[in-house]
Amino acid sequence: MVGGLVLSQAQPHQIATPRTAAPAPGPGPVLEKRPREQAAPCGKSSSSSAAAVSARSVDEVRTAHARHIKLGLDRSPRHARPLLAACALSGWPGGMELAASIFESLHEPEAFDYNTLMRGHVISGGPAATLRLYADMLEAGVAPDSYTFPFVLKACAQLAALQQGRQLQAHVVKLGFQRDRHVQNSLISLYGKCGEPALARLAFDGTESGVRTEASWSAVLAAYTRAGMWSECLASFGAMVRDEGWRPDESSMVSALSACAHLGAHDAGRSIHCALLRNAAGINTIMGTALVDMYAKCGRIDKAAAVFGAMSNDRNAWAYSAMVSGLAMHGEGREALRVFDAMLREGHAPDAAVYVGVLNACSRAGLLDDGLRCFDRMRLEHKVSPNAQHYGCMVDMLARAGRLDEARALIGSMPPTAGPTDTAWRSLLNACRIHGDLELAGHALQELRRLGAANAGDYVIVAGMHARAKDWDAAAALRTEAADAGLAQCPGFSAVEVRGEVHRFVSQDMAHPRSRDIYEMLHQMEWQLRFDGYEPDTSELALDVGEEEKRRVVAAHSQKLAMAFGLLSTPEGAPVRIVTNLRMSKECHAYSARISEIFGREIVVRDRNRFHRFRSGACTCRDYW
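Now for a look at the structure at hand.

What counts as what
- Residues numbered from 1 in each chain as written.
- Predicted model: local features only at pLDDT ≥ 70, side-chain atom pairs only at ≥ 80, totals over all residues.
- Heavy atoms only, no water.
- Core = buried A, V, L, I, M, F, W, Y, C linked by side-chain atoms within 4.5 Å.
- Buried < 20%, exposed > 50% of the residue type's maximum accessible area, 1.4 Å probe, protein only.
- Helix = DSSP H or I, 4+ residues; strand = E, 2+ residues; numbered from the N terminus.
- Contact = heavy atoms within 4.5 Å.
- Arc of directions from axis to C-beta.
- Lys, Arg positive; Asp, Glu negative; His and termini not counted.
- Salt bridge = Lys/Arg side-chain N within 4 Å of Asp/Glu carboxyl O.
- Expected span 1.5 Å × (residues − 1).
- Polar contact = N/O pair within 3.5 Å; in protein donor to acceptor, adjacent residues only side chain to side chain.

Considering the nonpolar core
Here is a general trend for soluble globular proteins: nonpolar side chains tend to be buried in one another's company.
Move 1: Among the nonpolar cores identified, the biggest contains 139 residues, and Y114, F149, L190, V292, M294 and L428 are the most heavily contacted of them.
Move 2: Of the residues forming this core, the biggest block, 8 residues, is contributed by helix 20 (residues 352-365).
Move 3: Setting aside residues no more than four positions away along its own chain, L190 makes contact with L153, C156, A157 and G165.
Move 4: Counting 27 residues, the second largest nonpolar core, distinct from the first, contains L522, Y534, L567 and I603.

Details of helix 11 (residues 197-205)
Move 1: Where helix 11 is concerned, the buried positions are P197, L199, A200, A203 and F204. Projected down its long axis, helix 11 carries its buried residues within an arc of 160°, all on one side. Residues A198 and L202 are exposed on helix 11 and point more than 90 degrees away from its buried face.
Move 2: Of the surrounding elements, those touching the buried residues of helix 11 are helix 9 (162-175), helix 10 (181-193) and helix 12 (214-226).

What to know about the side chain of R577
Move 1: Relative to the helices and strands, R577 is located in strand 3 (residues 576-580).
Move 2: D267 is the oppositely charged side chain nearest to the buried, salt-bridge-free R577, at an N-O distance of 5.3 Å.
Move 3: Those residues in contact with R577, other than ones at most four positions away along the chain, are H266, C298, R300, A495, V496, E497 and V604.

What to know about helix 25 (residues 438-450)
Move 1: For helix 25, with 13 residues, the first-to-last C-alpha span of 18 Å sits near the 18 Å given by 1.5 Å per residue.
Move 2: Taken together, the buried positions of helix 25 are occupied by L440, A441, A444, L445, E447 and L448. Taken around the axis of helix 25, the buried residues stretch over an arc of 160°, which confines them to a single face. Counted as exposed and oriented over 90 degrees from the buried face of helix 25: E439 and R450.
Move 3: On the buried face of helix 25, the contacting elements are helix 23 (404-412), helix 24 (422-435), helix 26 (456-468) and helix 27 (472-484).
Move 4: N-capping of helix 25 is provided by D437, with a side-chain oxygen placed 3.5 Å from the backbone N of E439.
Move 5: Phi turns positive, to about 70°, at G452, one or two residues after helix 25.

And the structure:
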């Protein structure tokens, strides 16, 4: 513990504790706030100092420093301050070492000088040195000011040092800086980057309304985004714009668009896009990429392509990666390869991320030969080393094509740095379900157990295969084993957006305020289907019950409830967009296709693997799923 701050095993920085410590100032000077424009540590104390500020290299600063030493000014913080700033904040190679030397020679450095050096360490990627310097500052009796804490808190965020960050918050309160907007924003950002959205929100709520800024909202939205709390992120964005009247900045909009993408909230995402067009002179690459990702994940690949096309010369590798991945989700393998070729023609070097999208596109469209060529091109031409994701895509591609033995052999040939991984074995397991290979499915489950990565869904797949083979004892044993291991299956749900609001349903759901209307609509849908000769497929239902009970279970599936509510609540002819965390079953697939034909509606379903777009009784996946 140093100065009340408990430090972890941080690497010692290059600054010695000052030879002469400044006495601790009284309460008045400590809490006195310097005007914010003075935060930039520079001055005009001498001609050599002024020259240092505009110096173009560390050598010129060394020359100015030598002149200071000759004149006896090197120990004066007032004269050495511009030199210190020039070295610490320039980003020059060797700049921080010279800044450390200048700082060490100072007689009684002040908080301003500590802040400058701490800021330099944060910028140059030395967060541990920043924390060590803060502890030295306290030990030397130099009181922190409001400019100190943003730098130190940012260092904690870079290190994900939650414990030290909480101690720093106590220092903030003790010194009376909890009303400083920059300090509070840094606290919110720290907790968000440490994976503590609840603490980030608590810090945000503790900030007085008049102190909050766009940066405050942006920090809390980013905290929700990192934690995957998409609903909370979108709700907070709405409160920011509607209730507080703030005009969102770029960071806030990117967070909100990411939330819309994961929730499938197309209407909300489109509203953000419209607001952006009204209030911004143009859409930059970051915003364009976020819009491409949002539209693709909300089922509007046509809009994603339009935004991507409008980006023109602003496209970078990330934009291409978003477009390729979006096309892969929609099973548009040929178009994804065309976009990838355009990326190469424009001179962008493909990285590991874009190749994941390319291989996924080939896998989901059944383009085995193209996928094999791309895999070779990635390794041999572009020198991108395959990682676990690339091998997972290749295993999935081979297994979906029915080449299960080759997929298994590829898993065995994966280098230790890339696998074998649970993703690869799970891809093989899912393909075994499609092709009915129970023996290989059992082996894949055994390997997942060995890796300690088996989840409840893996057991359910193999148990379901045993159930379809009428081996009820084996199916029950697997389900019991999963329960004894404490593996709880993630509750299945389906969600549909109506007038900007996302409605979520689970199987047999009766909690929705309009549940009576929904079940009445569901009854009408069933009646129409039966009149059309449709019979529900219960073969994938792993229950040892009568056929009538199986029909009752599948009739109120969460996806069907969401579809009924969508048909009931959207205008005639409007598409119904559904997002589910489940794998699309054969029964739901056939059901959705028939409903799209009978009701003359386009039904778009995003399951946990890909998109299914049903029009006039047919699906764009061409049953390759």
